[in-house]
Amino acid sequence: MAQSMSFFFLIGLLAFAPLCFSTKTSGGSLYPQYYYRSCPKAQEIVKSVVAKAVAKEARMAASLLRLHFHDCFVKGCDASLLLDSSRGIVTEKRSNPNRNSARGFEVIDEIKSALEKECPQTVSCADILALAARDSTVLAGGPNWEVPLGRRDSRGASLSGSNNDIPAPNNTFNTILTKFKRQGLDLVDLVALSGSHTIGNSRCTSFRQRLYNQSGNSQPDSTLDQSYAAQLRNRCPKSGGDQNLFFLDFVSPTKFDNSYFKNLLASKGLLNSDQVLTTKSQASLALVKQYAENNELFFEHFAKSMVKMGNISPLTGSRGEIRKNCRKMN
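Residues numbered from 1 in each chain as written. Predicted model: local features only at pLDDT ≥ 70, side-chain atom pairs only at ≥ 80, totals over all residues. Heavy atoms only, no water.

Describe the overall build of the protein, with residues and values.
A count of helices and strands for the protein gives 13 helices and 4 strands. Computed over C-alpha atoms, the radius of gyration of the protein comes to 19 Å, within 12% of the 20 Å expected from 2.2 N^0.38 for 330 residues, which places it in the range of a compact globule. By principal-axis analysis of the C-alpha atoms, the protein measures approximately 60 × 45 × 35 Å. The buried share of the protein, taken over its 330 residues, is 58%. Accessible surface, the protein: about 13700 Å² in total, of which carbon and sulfur atoms supply 50%. With 41 positive and 28 negative side-chain charges, the protein shows a spacing of 4 Å between the two charge centroids. (Helix = DSSP H or I, 4+ residues; strand = E, 2+ residues; numbered from the N terminus. Rg over C-alpha atoms; globule rule 2.2 N^0.38 Å. Buried < 20%, exposed > 50% of the residue type's maximum accessible area, 1.4 Å probe, protein only. Areas by Shrake-Rupley, 256 points an atom, 1.4 Å probe, with all protein chains shown as cover. Lys, Arg positive; Asp, Glu negative; His and termini not counted. Charge placed at Lys NZ, Arg CZ, Asp CG, Glu CD.)

Now the structure itself:
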């Protein structure tokens with residue numbers, strides 16, 4: 001609904017076994033054992049609340065994964081996305097990529113509340129987002145990885161950053177790749193992380209132009225399978241139905257697997273930003289083919305890229321704060 005920073009990680013990540021990463025940042029070091037002494041039950045608590053939420057609504061896994069992505073691409077992985085408007089802050093929740101679509105905030109609140117009872121003002125909201133994204137992926141059947149921890153929370157938000165830095169469904173391939181490179185991510189990360197669209201939903205308004213007027217000539221997108229397009233038009237009319245939801249991966253919409261890439265090769269990617277991975281770059285197409293053929297390779301690359309994305313400009317050391325409430329500064 002959801003990227004190789006200088007190839008920090010030289011060890012191949014096994015698809016089903018988490019490895020330990022320690023990630024150097026400008027302000028300190030992120031490492032999986034960060035809370036072992038200060039809040040030993042932290043990861044257990046996060047996993048428990050996420051599992052309950054996903055059991056109640058399978059879609060929540062994709063929603064929580066998307067929150068981490070939309071947080072990291074704006075000012076780094078600092079939980080700026082979670083702040084409500086107040087005291088001179090204009091919330092990122094009002095941006096075009098987030099308005100009427102970003103969700104799962106109540107789950108993050110529930111996790112934070114449980115952690116505050118267990119170990120007050122210790123676990124950051126930014127780390128909660130990173131852990132919840134990993135746990136959601138695993139619960140949906142995807143790969144596991146150890147999450148480097150130690151991020152702190154921002155004291156501000158950026159509505160303009162959210163509007164400009166998050167890749168949009170209608171962006172060109174080059175624009176999307178540029179937005180990834182701006183974050184220190186590369187083509188492999190772009191294709192691997194796009195695979196998160198193996199779960200979750202998208203709204204009619206995000207792909208309508210592909211059905212009716214892709215290039216301003218009142219014609220549908222020629223790269224979209226026309227029988228699939230006809231099915232989509234049934235619930236995504238030329239006008240109205242903006243919020244109608246559609247599976248990003250209609251084959252296995254709640255299972256984290258490589259069917260998303262198989263759909264792309266069949267010209268059945270839902271979003272323009274999905275399908276351009278096969279039509280605008282030979283290097284990107286080659287990766288799509290590899291992932292479609294090899295689920296374990298996709299899992300390996302996805303896990304590596306998630307760790308790298310989680311290392312975008314974290315606040316560490318004395319920078320930022322540990323919020324008591326993820327929606328507002330202390």
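Okay, back to it.
Summarise the state of the cysteines; cite the residues concerned and give the values.
As enumerated under the stated definition, the model contains 4 disulfides in all. Between the sulfur atoms of C204 and its disulfide mate C236 the distance is 2.0 Å. One disulfide, between C204 and C236, carries an S-S torsion of 75 degrees and so falls in the right-handed class. Highlighted residues: C204 in the loop between β3 (201-203) and α8 (208-212) and C236 in the loop between α9 (226-233) and β4 (245-247), separated in sequence by 32 residues. Look at C204 and you get buried, because its relative accessible area is 0%. What makes C236 buried here is its relative accessible area of 0%. (Disulfide = S-S within 2.5 Å.)

Give a description of the environment of N213 that names residues and reports values.
Relative to the helices and strands, N213 resides in the loop between α8 and α9. Sequence-wise, N213 and V123 are 90 residues apart; in three dimensions their C-alpha atoms are separated by 47 Å. The residues touching N213, leaving out its near neighbours within four places in the chain, are S218 and Q219. Here the side chain of N213 touches G216 through a polar contact of 3.3 Å, landing on its backbone nitrogen. (Contact = heavy atoms within 4.5 Å. Polar contact = N/O pair within 3.5 Å; in protein donor to acceptor, adjacent residues only side chain to side chain.)

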